[in-house]
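Notes for the structure review
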Amino acid sequence: TAPFVVKKPGVEWYQMLMQGGMWREYTDVIDTHRGWYMIMPNGISDIFTMNYVDGYSLGLQSTIGRMQKDRSRWELYENIRWAFSRDRLVAKGALRYVWPVEYESFIELNGGQFLEDFDPDPVMPLSQSLLAAGICGWNHNKYYERTSAGIKFSTPLIFDLKMTANIGWERRRAKENARSRNLFGAHPQSNDPRVGIKSSGLDLLGSLINAKTLSDSLVLYDGPIDAELVKASLRFDYSPMRSLLVVDDMTLRETLSYPTLSLLLDMGIGKNRNEDNFRFLSVDMQVRQTVNLPRENDQLRYMGSIGIIFRKGNIGLADMHHFDANRFWWQKSSDVSRFALLDNYELSTNKRWMEEHVEWNSRRMLLNRLVTPKDDWREFLQMHAVVVPNYRVHWESQYGWELLKFLRVGVSVGFDDFTYRGTAVSMTLDLNAVQ
């Protein structure tokens, strides 16, 4: 007999539309999980969006699911839009089977034709980058058109070791801006990515020049974008002696006592538009942990990464290693790994890298010692450093306040080796945490 698990509550239709969330089919039988549900992560704010490549687009992003009697479920994700400036339909989707929540396993078929960021996991999520573009004209996130089909699978191999595998085919095409301004008259950059040195220099000039300062002007990326390839990825996450709590039939909470070690492998083989063949293997080893300290309820977070890309042929920007870098003054994510003084693709590399990040979060650090701190007012101090070939070591320090658990305000100071890089003021505001 399956163990008793409570149902995850949903919200009313109007709440899902206005604020985002999940609506769930009502049943008066408390231990019956079977039924339909629908998820709109951002509500109606997703229906009408804008970027400078598609222009303004109209469509719906949602997930429709069916919970089975044994608490497994089927899900259909869709994001179908009409891009007015390009007069075309763009769409992507996935059909997913999810085992009961305690198994931590799913398998999905995915595909479509859609605009994608050159960084497959940018620190600024798509919903926020679209808002920044539509209001402020900020479009430092650059896009290419991706046509793809693939399969993804995730499951624990043993209790402490989890594997995620992905394999598929994709075709990439470079795109230009279809709009020159937004409704507020703001003019964007072109859709050409800005990088530290030209991509041809990554192989040629890189071996000829000495380490250079990051404060030099960025240049337009001139490497390959159009390509067709088969790509596979493997991710292993090892969390020793972790414990799991089934909160409800869709939510699993993980408690970690030791660092999580991760190994990420990306492999690809394909052909660029000029018929040049290429293949690559990217190896990335990571460690991260959040430690609760006994003194004044302090907290220590850290993350480190070291990796290398083995390659033959000229791989494109989409296959390079990217860092969590974005200079926009407002961010949604408070992840410890973000660089506040680097542009999105400034240090993206097809060679090797090493980065370190650490944060100390405390109720009594500097200013809070002068006043009586409230429980929801904290201070934090961060240090960040990254090393890639042909550049000086870039490092940053940030000090700031965390207020009410969803708002952070901080000041960052950056250096290239010991040359002053600049200062930035940033704010982290997680609107989903506002009650």
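Residues numbered from 1 in each chain as written. Predicted model: local features only at pLDDT ≥ 70, side-chain atom pairs only at ≥ 80, totals over all residues. Heavy atoms only, no water.

The helix and strand tally for the protein chain stands at three helices and 23 strands. Expected size for 435 residues packed as a compact globule is a radius of gyration near 22 Å; at 23 Å, the protein chain falls within 12% of this value. Counting only residues that meet the buried cut, the protein chain has 46% of its 435 residues in that class. Of the contacts formed within the protein chain by residues at least 6 apart in sequence, a portion of 61% connects residues at least 24 apart. Taking the 52 positively charged and 53 negatively charged side chains of the protein chain as two groups, their mean positions are separated by 1 Å. (Helix = DSSP H or I, 4+ residues; strand = E, 2+ residues; numbered from the N terminus. Rg over C-alpha atoms; globule rule 2.2 N^0.38 Å. Buried < 20%, exposed > 50% of the residue type's maximum accessible area, 1.4 Å probe, protein only. Contact = heavy atoms within 4.5 Å. Lys, Arg positive; Asp, Glu negative; His and termini not counted. Charge placed at Lys NZ, Arg CZ, Asp CG, Glu CD.)

Moving on to helix 2 (residues 126-136). Those residues of helix 2 that sit buried are Gln128, Ser129, Leu130, Ala132, Ala133 and Gly134. Next to the buried residues of helix 2 lie strand 3 (48-51), strand 8 (143-158) and strand 18 (330-331). Immediately beyond the C-terminal end of helix 2, within one or two residues, lies Gly137, with a positive phi of roughly 75°.

With that out of the way, let us pick up the confidence of the model for the protein chain. Fine structural detail should not be taken from predicted coordinates in areas where pLDDT scores are low. In this model, the protein chain carries an average pLDDT of 87, and 90% of its residues clear a pLDDT of 70 or more. Between residues 198-215, whose pLDDT stays under 50, and residues either more than four places distant or in other chains, the model counts 39 contacts. (pLDDT = per-residue confidence, 0-100.)

This paragraph deals with the environment of Leu342. Along the chain, Leu342 turns up in the loop between strand 18 and strand 19 (352-362). For Leu342, a relative accessible area of 1% gives the class buried.

Its place among the elements puts Lys405 in the loop between strand 21 (394-403) and strand 22 (407-416). Sequence separation of Lys405 and Asp376 is 29 residues, and the distance between their C-alpha atoms is 6.3 Å.

The subject of this paragraph is the packing of aromatic side chains. Applying the stated criterion to the full structure yields 12 aromatic pairs. Ring centres of Phe118 and Tyr345 lie 6.3 Å apart, and the angle between their planes is 85°; on these two criteria the pair is classed as edge-to-face. Highlighted residues: Phe118 in the loop between strand 7 (106-117) and helix 2 and Tyr345 in the loop between strand 18 and strand 19, separated in sequence by 227 residues. One exposure class covers both Phe118 and Tyr345, and it is buried. Among the aromatic side chains, those forming a connected cluster through ring pairs are Trp74, Tyr97, Trp99 and Phe153. The ring of Phe159 carries Arg242 above its face, with NZ or CZ at 4.9 Å from the centroid. (Phe/Tyr/Trp six-rings, centres within 6.5 Å; stacked < 30°, edge-to-face > 60°. Lys NZ or Arg CZ within 6 Å of the ring centre and 35° of its normal.)

All right, on to unusual backbone geometry then. You will see that Asp87, though not glycine, has its phi angle at about 50°, which is positive. Its place among the elements puts Asp87 in the loop between strand 5 (73-83) and strand 6 (88-98). At Asn390, a residue that is not glycine, the phi angle is positive and equals roughly 70°. Here Asn390 lies in the loop between strand 20 (377-387) and strand 21.

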